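Survey of secondary and tertiary structure
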Amino acid sequence: MSTRSSRALIDGQIVDSLDVESQRLSKFSLFWYLKSIPELTMGTIATLIPVIVGAIFALGLLIDWGIRRSFTEEQIETAINYDLDSIDGAKIEEWIEGSAFIDWISGVSIWAFLVPVLVAFTLIIGWLVIRTLQWRRIRFGIEDGVIWMTGGLFTGWERRLPIVHVQSVEFRSTPLQRVLTLRGVAISSAAPEGKNASIELLAVRRGVADELAANMQRAFGVSIDTPESADDASVPIAMVGWKDLFVAAANSFEVRLSVVSLYVAYQLLGQGPFKRWRDQMIGQVTKYAQEHHDLAHVLLILAGALLFFWVFSIAIYVATFARFRLRRNGMLAFIEHGLLTRRWRTVLLPHVQALSFIESPAQQLIDDGSLRMTLPGTTRDSLERTMLLPAVDRSVTIDVLERLFAEIAPETGNALRTIQGSLHRLPPSARRSYLLRWVWRLLPVTSILVIGMYLIPGGLNPLWGGLPLVVIGAFGAWLGNIRFRDAGWRVDERGVLAVRERGLSRVTRVARRERLVWTRASQLRLFAGKNVTFVASVAGAGARPGILSKILGYGLVSRSDSRFRVRGLLDTEAIELIDRLGK
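What the chain contains, in helices and strands, is 22 helices and 21 strands. A fraction of 66% describes how many contacts in the chain between residues 6 or more apart in sequence connect residues 24 or more apart. Accessible surface for the chain amounts to roughly 31,700 Å². Of this, 64% is attributable to carbon and sulfur atoms.

Here it is as structure tokens:
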């Protein structure tokens, strides 16, 4: 939130003198490398699709050849035209115990079974070999003020990140890495290409990680946050206790972390002795759902699923941000958290583009929330990489901001302190667009359902197709009214823009006028009248909306992206705001 240049943090002469000889990843990193999916470009995907389709087609031809070689055309025709509805348990048992089944097995060519097994085995071995060779070709180092990384098997690539463009340095340590004395290292740039514009080392020896840290410390001129760094040179800013963390996890509605984690847990439980327990639990739930079809039991199953997902989300949130500490060393912020996987992240405070204070409905009642930051190049809405404080009271947030940005942008917390009673509210004419926002989305779906039910003979009454519009539209109108009442904006005398909007959670975003890289006012000419949508953005990569956002609308999913939006402003107010921010 400062206008100071990032180059002022780094001495160019020192940077040019830094040097780390060419290094390879630790041999233990192959384990993490095999688990990860390789990055695929659109050209690679376009090439793989016809290859996969061709392989499946070729496999089908081989199986067809094996069947036709083993059986006569009459037997194949009989099997194709067999009445499957006449098959019951007794007939299957009689067929297996009879001589016909043994004759059929003995007549099948071994190639009909061997070819699919060989193809699957070849694909698995090929995957392991290719990923291993790709891993062996990875090299990294520092030379002439540039962190470089090379690799590639069929197509070579080289990634070069100038140290003067580094915006954060992160060290990771999982339980297995701690046993093997390994570290994961991620050095991020401000480019919007994510991993393609950053140096990310899945696992290196602790000595190599220390050497990288020492070079970055020489570049910054101060100590950075590492697993072995001391706290003497840093100033403690905030810590989050277990009680506050559990309360935040239960009320924050942050489920994005748990979606992937739930899949990972499902896969881990499928290994060893846990697999039987997992399958039994899934079987019991499935059996209960099959035996109970009434509405009450369906609602009970849904409530149980939601309760399980909520508890699982709490566990993942707590595990991610446990033992959270925020410290400052000059213009560097140190963020440390994690229960199983520990993270030590150093962020250059002058690179922070905007701040977001996010309050869930439950947190809003107690004036609590979480503090996020927007950094350039944040292509993925990665919660653990944007979090400044996972659970704080508003008054604590203001104090933390004042202390964290004391040397860079004094009175940063003042924007949150004075925003409550000084927001410019939306005009009454904007209420209609907020109330009908979901109705417009549901009209095409409702029309398709009504037409489909009308055309299907003997189906449901076509009026049932309007049920989503009635139920979800009513909920959307209720939520839209709340969003209308909460929305607002202001620009203070220091040129700080503050915007408030909400999905399910209320989001207050703050940025200095100098940080805005573009502004615009857009209008839906047919229905909006004189109301427009004001949008401004800082130097981030924006949001990449997921499937949930596309289905339910962007407003339901609170994302700490780079955009500042005010929907429903009068066109004259929007133009005046754009002119004021452009001065």
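Looking now at the packing of helix α19 (residues 437-455) against helix α20 (residues 467-486). It is the contact of α19 with α20, at a shortest axis distance of 9 Å, that shows an interaxial angle of 170°. Judged by the angle between their axes, α19 and α20 are roughly antiparallel. In this structure, α19 contributes R437, W438, V439, L442, L443, T446 and L449 to the contact, and α20 contributes P468, L469, I472, G473, F475, G476 and R483. In the contact of α19 with α20, the residues fall into 9 nonpolar, 3 polar and 2 charged.

Core analysis: the biggest nonpolar cluster contains 43 residues, and L326 and L389 have the highest contact counts within it. Ranked by residues supplied to this core, first place goes to strand β14 (residues 387-393) with 5 residues. Each residue touching L389, except ones within four places of it in the same chain, is listed here: A238, V240, F324, L326, S370, L371 and V400. Counting residues in hydrophobic clusters, the runner-up holds 34 residues, among them I147, L161, V204 and L348.

Time to look at the sheet that holds strand β16 (residues 488-491). With antiparallel pairing, the 7 strands of this open sheet are ordered in space as β14-β13-β12-β18-β17-β16-β15. The strands lining the two open edges of the sheet, one partner per strand, are β14 and β15 (424-425). By the bridge criterion, 4 bridges tie β16 to strand β17 (residues 496-502) in an arrangement that is antiparallel. Bridged to V491 within β17 is L497. Packed onto the sheet, α20 meets β15, β16, β17 and β18 (506-512) and runs at close to 165° relative to β17.

Next up on the list: the packing of aromatic side chains. Enumeration over the complete set of coordinates arrives at 4 aromatic pairs. With 6.4 Å between their ring centres and 55° between their planes, F321 and F324 make a pair best called tilted. There is no split in this pair, since F321 and F324 are both buried. Summarising the aromatic geometry, the rings of F475 and W478 are spaced 5.8 Å apart at their centres and angled 40° between planes, so their arrangement reads as tilted.

It is worth spelling out the pattern of salt bridges at this point. Pairs can form between side chains of opposite charge whenever their charged atoms are close. Throughout the structure, instances matching the rule amount to 20 salt bridges. Across the pair R327 and E336 runs a salt bridge whose closest N-O atoms are separated by 3.8 Å. Here R327 and E336 have matching classes, each one buried. A single salt-bridge network, built from bridges that share partners, covers E359, D367, R394, D486, R502 and R506.

So, on to helix α10 (residues 242-251). For α10, every residue scored as buried is listed here: L245, A248 and A249. Buried residues of α10, seen end-on, are gathered within an arc of 100° and therefore sit on one face of the element.

Taking every second residue as pointing to the same face, both faces of β16 are buried, with G488 and R490 on one and W489 and V491 on the other. Sheet analysis places β15 next to β16, joined by 2 bridges and oriented antiparallel. When the bridges of β16 are listed, H424 appears paired with W489. The loop that links β16 with its antiparallel partner β17 comprises 4 residues; one of these, G495, has a positive phi angle of about 80°.

So, on to the sheet that holds strand β21 (residues 563-570). Hydrogen bonding along the main chain pairs the strands of a sheet, whether they run parallel or antiparallel. Spatially, the 3 strands line up as an open sheet ordered β19-β20-β21, and their pairing is antiparallel. The open sheet terminates on both sides in strands that have one partner only, identified here as β19 (516-522) and β21. Strand-to-strand twist across the sheet, computed as the mean angle between neighbouring axes with direction ignored, equals 15°. With 7 bridges joining them, strand β20 (residues 531-538) and β21 adopt antiparallel strand pairing. Bridge pairing in β21 links N531 to L570. In the packing of helix α22 (residues 571-582) onto the sheet, contacts are made with β19, β20 and β21, and the angle to β21 comes to roughly 145°.

As a further point, take α19. With 19 residues, α19 ought to run about 27 Å at 1.5 Å a step, and its terminal C-alpha atoms sit 29 Å apart, in line with that. When α19 is considered as a whole, its buried residues turn out to be W438, L442 and T446.

A few words now on the confidence of the model for the chain. When pLDDT is low, close inspection of the predicted coordinates is not appropriate. Mean pLDDT over the chain: 77, with 76% of residues reaching 70 or higher. Note on residues 2-7: pLDDT is under 50 here. Beyond four places in sequence and across chains, it has 12 contacts. In this model residues 542-560 is a low-confidence stretch, pLDDT under 50, and it forms 44 contacts with partners more than four residues away in sequence or in other chains.

On the surface, F121, I124, I125, W127, L128, V129 and L133 cluster together into a nonpolar patch covering about 630 Å² of accessible area. As for its placement among the helices and strands, L128 is situated in helix α7 (residues 110-136). Residue classification places L128 among the partly exposed residues on the basis of a relative accessible area of 34%.

There is a patch of like negative charges on the surface, built from D19, E21, E143, D144 and E211. The residue E21 is located in strand β1 (residues 20-24) in this model.

Looking now at the environment of Y317. Tracing the sequence through the fold places Y317 in helix α13 (residues 295-321). Residue Y317 is classed as buried on the basis of its relative accessible area, which comes to 2%. Separated by 67 residues in sequence, Y317 and E384 place their C-alpha atoms 9.6 Å apart. A distance of 3.0 Å separates a polar atom in the side chain of Y317 from the backbone oxygen of P390.

Backbone geometry at R323 places phi at a positive 55°, although glycine is not the residue there. Mapped onto the fold, R323 is located in the loop between α13 and β9 (324-329). One non-glycine residue, D367, adopts positive backbone phi at about 60°. Mapped onto the fold, D367 is located in the loop between α14 (361-365) and β13 (368-374).

By secondary structure assignment, the location of E200 is in strand β7 (residues 199-205). Residues E200 and F171 lie 29 residues apart in sequence; the distance between their C-alpha atoms is 10.0 Å. Polar side-chain contacts of E200 include one of 3.3 Å to the side chain of R172.

Conventions we followed
- Residues numbered from 1 in each chain as written.
- Predicted model: local features only at pLDDT ≥ 70, side-chain atom pairs only at ≥ 80, totals over all residues.
- Heavy atoms only, no water.
- Helix = DSSP H or I, 4+ residues; strand = E, 2+ residues; numbered from the N terminus.
- Contact = heavy atoms within 4.5 Å.
- Areas by Shrake-Rupley, 256 points an atom, 1.4 Å probe, with all protein chains shown as cover.
- Axes fitted to C-alpha atoms, helices over the stretch in contact; angles between N-to-C directions.
- Parallel < 35°, antiparallel > 145°, perpendicular 65-115°, else oblique.
- Nonpolar A, V, L, I, M, F, W, Y, C, P; charged D, E, K, R; others polar.
- Core = buried A, V, L, I, M, F, W, Y, C linked by side-chain atoms within 4.5 Å.
- Buried < 20%, exposed > 50% of the residue type's maximum accessible area, 1.4 Å probe, protein only.
- Pairing = 2+ DSSP bridges.
- Phe/Tyr/Trp six-rings, centres within 6.5 Å; stacked < 30°, edge-to-face > 60°.
- Salt bridge = Lys/Arg side-chain N within 4 Å of Asp/Glu carboxyl O.
- Arc of directions from axis to C-beta.
- Expected span 1.5 Å × (residues − 1).
- pLDDT = per-residue confidence, 0-100.
- Patch = residues over 30% accessible without salt bridge, like charges linked within 9 Å, V, L, I, M, F, W, Y side chains within 5 Å.
- Lys, Arg positive; Asp, Glu negative; His and termini not counted.
- Charge placed at Lys NZ, Arg CZ, Asp CG, Glu CD.
- Polar contact = N/O pair within 3.5 Å; in protein donor to acceptor, adjacent residues only side chain to side chain.

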